[in-house]
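Per-entry structural report
So the chains spell out like this:
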Amino acid sequence: MDLAFVSSPSRNTMKVLASVGALSQMLLTPGCRGHKLLLQLYFYTRSGLANSRRMASSSLDQKSRIFAVEPNIYSPNPFYFTCSRGPSAPFMTPKDWPMLDQGGLAFSVCIAKGARVKTASLHKSLGQELSQQLPDSEILRLISYSPENLPGSLEKGFFILPPHSCPDAQKRLCKVLMKYPQGIQLCSYSKGEEHEIWQCLWELNGGAKETARSRVLRVEEPVSSPFVDSIKGSAMFYSLEDACDVLEECSSVIPEAKEVLASVQPHRPLDEGRFPVIVIEGLDATGKSTLTESLRSHLNAALLKSPPDCISQWRTIFDSESALIKRAYYAIGNYIGAAEIAKASKTSPVIVDRFWHSTAAYTIATEMGGGIHNLPDHHHDVYQWPEDLLRPDLVILLTVSDEERIHRIRKRGLQETKEERELEANSMFRQRVEEAYKRMENPACLIIDASPPMAVVLQEALALIKKHCDI
Ligand SMILES: Nc1ncnc2c1ncn2[C@@H]1O[C@H](COP(=O)(O)OP(=O)(O)OP(=O)(O)O)[C@@H](O)[C@H]1O
Ligand SMILES: Nc1ccn([C@@H]2O[C@H](COP(=O)(O)O)[C@@H](O)[C@H]2O)c(=O)n1
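This structure is a prediction, so every number in the text was calculated from the model and none was measured. (Residues numbered from 1 in each chain as written. Chains lettered and ligands numbered in written order. Predicted model: local features only at pLDDT ≥ 70, side-chain atom pairs only at ≥ 80, totals over all residues. Heavy atoms only, no water.)

Quick word on the nonpolar core
Under the convention used in this document: Buried residues of nine kinds, namely Ala, Val, Leu, Ile, Met, Phe, Trp, Tyr and Cys, make up a nonpolar core once their side-chain atoms join them within 4.5 Å. Each residue is placed in one exposure class: buried if its accessible area under a 1.4 Å probe, protein chains only, is under 20% of its type's maximum, exposed if it is over 50%, and partly exposed if it falls in between. Starting at the N terminus, helices and strands are each numbered in turn, a helix being any DSSP run of H or I of at least four residues and a strand any DSSP run of E of at least two. Each domain's extent was defined by an automatic or database domain assignment. The contact criterion used is simple: two residues touch if any of their non-hydrogen atoms lie within 4.5 Å.
In this structure, Leu247, Val260, Phe318, Ile332 and Ile364 are the most contacted members of the largest nonpolar core, which totals 73 residues. If one sorts the elements of this core by residue count, helix α14 (residues 323-344) sits on top with 14 residues. Counting only domains with at least three residues in this core, you end up with domain 2 (65-226) and domain 3 (231-468). Every residue in contact with isoleucine 364, bar those within four places of it in the chain, is listed here: Ile231, Met236, Leu375, Pro376, Val382, Tyr383, Ala436 and Met440. One finds Phe107, Leu126, Phe158 and Cys166 within the second-largest nonpolar core, a separate group that totals 22 residues.

Put into structure tokens, the structure is as follows:
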């Protein structure tokens, strides 16, 4: 079955056809003769012509858009393509997409821009469903945008590479997408006779129908990464107000969002004390809890953490939500924590286990794929501290080798979190988190190699605190 090479059926052909029910029966019979055509006809019958105007405009819009696919096993950098007929742009060939060389197919699925909480939730649930229904396919993140108005036009989606051994992948994909009748745009990609790549745009409206076909053209990597624009609009929060807006928006479906919002201190700016605030950061199992506890007793300090205790009971709920909602929760957690820190700093030094740098570093590392060369450049806005958030006096980043960290996780014997498992499995992700930490500015992290015994790490931390804080 090959959606891309089926030409549109005529209306007369349609009249000859029996009911949609009978068609769908045949459709679901792999190997059935005329299977390709039937699939096409099935979608055509169900979709009708009611939306022909919308189709025309979406295919025009489609042609001017740029698509960007996150780094993957075939491409260490994001790859960019379009379908407009620029005079000098070179065609893409299976050299660029080797997975299409053996006659395979690829797909892009874009989610039209709508209310941001709803769109983010749709993106998350669609991603989960695609992974479940197409377990052998590579499902990559994709964004699509208009070059004239990148942030305003940004749409998120997925690029799907089914294995050659999965001939019914497109059928399964369409079955998933049929459940999302509105706002989903499906394109398929296949190799043409002259080694060019074709994009077919499908209309999804109770069914799927091919509406446009264009050659795929290569686009140079833009100077400013659209992936960074995408995270700034969807998972990074640089003000309390912005993060609160998201939880307000989702509070009708997630009642716990109201509880979190109720914990936000309304009076700002915060009234800070004279004692120093010291944050300890690092990947899991680098020794943060061990060090923060030792510092607490050595400095007679208050020990706080982010997210703070008053909202941590809802953490698992927000962890299972879209990146937008999850990160809004952690961002607000930092502001709630800041009010506690400000109060505690009036009576003693304050040690904080994770703060803003954790929220930012994990978000950047999660949303940007590939190696550390794909991270936003040093000094980029994403590494800056939010203007309205209490600024600590010192941030210490603990680093240990991958082997030692994994050894510590195993020795600790506690249940690994999903992210810890990912860190273990995906050393590139770990490197991105650590590198993002190292790029943070104002305040930057001061690094301590936490591989030596605990007593040595403690002495190093105390020396740094003495040097940089008034203690
Ligand atoms: N310097 C050290 N040398 C050897 N083992 C250490 C050292 N520091 C901590 N550990 C051990 O490593 C394990 C992880 O330490 P800890 O719980 O302090 O890390 P963490 O960064 O707080 O982890 P998480 O973020 O996952 O809570 C613990 O078993 C701890 O006893
Ligand atoms: N200020 C924070 C704190 C934590 N996170 C997220 O939680 C994960 C780590 O928490 P641990 O309890 O395991 O230390 C980390 O992966 C972050 O995603 C955060 O975003 N902001």
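Points about the packing of aromatic side chains
Put simply, the rule is: Any Phe, Tyr or Trp ring, taking Trp's six-membered ring, that has another such ring centre within 6.5 Å forms a pair; planes under 30 degrees apart are called stacked, those over 60 apart edge-to-face, and the others tilted. Two conditions define a charge located above a ring, namely a distance within 6 Å from the ring centre to NZ of Lys or CZ of Arg, and an angle within 35 degrees of the ring normal.
Inspection of the entire model under this criterion finds 16 aromatic pairs. Between the aromatic rings of tyrosine 238 and tryptophan 356, the centroid separation amounts to 5.5 Å while the plane-to-plane angle is 65°, which identifies the pairing as edge-to-face. Residue tyrosine 238 is found in the loop between α8 (226-234) and α9 (240-250), and its partner tryptophan 356 is found in helix α15 (residues 356-367); the two are separated by 118 residues along the sequence. Tyrosine 238 gets classed as partly exposed once you look at its relative accessible area, which sits at 25%. The class of tryptophan 356 is buried, set by a relative accessible area of 1%. Considering the side-chain rings of phenylalanine 318 and tyrosine 329, the 4.7 Å spacing of their centres and the 10° angle between planes classify their relative orientation as stacked. Of this pair, phenylalanine 318 sits in helix α13 (residues 315-319) while tyrosine 329 sits in helix α14, and the two are 11 residues apart along the sequence. Each member of the pair, phenylalanine 318 as well as tyrosine 329, is classed as buried. Clustering of aromatic rings is evident, with ring pairs tying together Phe67, Phe79, Phe81, Trp97, Phe159 and Tyr189. The lysine or arginine in question, arginine 213, covers the ring of tryptophan 198, its NZ or CZ lying 5.2 Å from the ring centre.

Quick notes on the environment of glutamine 199
Heads up, the rule is: Here a polar contact is recorded for every N or O atom pair within 3.5 Å, except that within protein the pair must consist of a potential hydrogen donor and a potential acceptor, and residues adjacent in sequence are included only if both atoms are side-chain atoms.
Its place among the elements puts glutamine 199 in strand β7 (residues 197-204). Of the residues examined, glutamine 199 reaches a relative accessible area of 1% and is grouped as buried. Residues glutamine 199 and cysteine 187, spaced 12 residues apart in sequence, show a C-alpha to C-alpha distance of 6.3 Å. In this structure the side chain of glutamine 199 is engaged in a polar contact, spanning 2.8 Å, whose partner is the side chain of tyrosine 189.

Side note on the site of ligand 1
For the record, the criterion: One heavy atom within 4 Å of a molecule or strand makes the whole residue count as near it. For the accessible areas, the method is Shrake-Rupley and the probe is 1.4 Å, while residue cover comes only from the protein chains on display. Three categories are distinguished: nonpolar for Ala, Val, Leu, Ile, Met, Phe, Trp, Tyr, Cys and Pro, charged for Asp, Glu, Lys and Arg, and polar for the others, with Gly belonging to the last.
Taken together, 17 residues surround ligand 1, and among them Ala285, Lys288, Ser289, Thr290 and Pro452 come closest. A distance of 3.1 Å separates an oxygen atom of ligand 1 from a polar backbone atom of glycine 287. Residue methionine 454 places a main-chain N or O atom 3.4 Å away from a nitrogen atom belonging to ligand 1. Taking 630 Å² as the accessible area of ligand 1 by itself, protein coverage stands at 79%. For the shell around ligand 1, the elements supplying multiple residues, two or more each, are α11 (288-299), α16 (402-412) and α19 (454-468). For the shell around ligand 1, a count of residues per class yields seven nonpolar, four polar and six charged.

Regarding the pattern of salt bridges
Let me state the cut-off plainly: Salt bridges are counted wherever a side-chain nitrogen of Lys or Arg sits within 4 Å of a carboxyl oxygen of Asp or Glu.
A full pass over the atoms with the stated rule returns 20 salt bridges. Glutamate 249 is the salt-bridge partner of arginine 116, the closest N and O atoms lying 4.0 Å from each other. One end of the pair, arginine 116, is in helix α5 (residues 116-133); the other, glutamate 249, is in helix α9, and 133 residues separate them in sequence. Residue class for arginine 116 comes out partly exposed when judged on its relative accessible area of 28%.

Points about the sheet that holds strand β9 (residues 217-219)
Counted only if it meets this: A pair of strands counts as paired when DSSP detects no fewer than two bridges linking them. Angles shown run from 0 to 180 degrees and are taken between the N-to-C directions of axes, each axis being a line fitted to C-alpha atoms and, for helices, limited to the stretch in contact.
The nine strands are arranged β8-β7-β6-β3-β5-β4-β1-β2-β9 in an open sheet whose pairing can be described as antiparallel. Unpaired on one side and paired on the other, β8 (208-215) and β9 mark the two borders of the sheet. Averaged over all neighbouring strand pairs, the angle between strand axes comes to 30°, with direction disregarded. Packed onto the sheet, helix α7 (residues 169-178) meets β3 (105-111), β5 (155-161), β6 (184-191) and β7 and runs at close to 10° relative to β3.

A look at unusual backbone geometry
The omega torsion across serine 306 and proline 307 is 0°, close enough to zero to call that bond cis. Secondary-structure assignment places proline 307 in the loop between β11 (302-305) and α12 (309-312). The residue after asparagine 442, namely proline 443, is reached through a cis peptide bond having omega 10°. Tracing the chain through its elements places proline 443 in the loop between α18 (427-439) and β14 (446-449). We note that alanine 285 has phi near 65°; this positive angle belongs to a residue other than glycine. Within the fold, alanine 285 resides in the loop between β10 (277-282) and α11. Relative accessible area serves as the criterion here: at 13%, alanine 285 is assigned to the buried category. One non-glycine residue, asparagine 300, lies in the positive phi region at around 55°. Overall, the relative accessible area of 66% leaves asparagine 300 in the exposed class.

With respect to the sheet that holds β10
Read across the sheet, five strands follow the order β11-β12-β10-β13-β14 without closing on themselves; strand pairing throughout is parallel. Across the chains shown, the open sheet's two edge strands, defined by having one partner strand only, are β11 and β14. Going across the sheet, the axis of each strand differs from the next one's by a mean of 25°, ignoring polarity. In this structure, β10 lies alongside strand β13 (residues 394-399), joined through five bridges in parallel fashion. Paired with isoleucine 278 across the two strands is leucine 394, which belongs to β13. Taken strand by strand, α19 contacts β10, β13 and β14, and its axis lies near 160° from that of β14.

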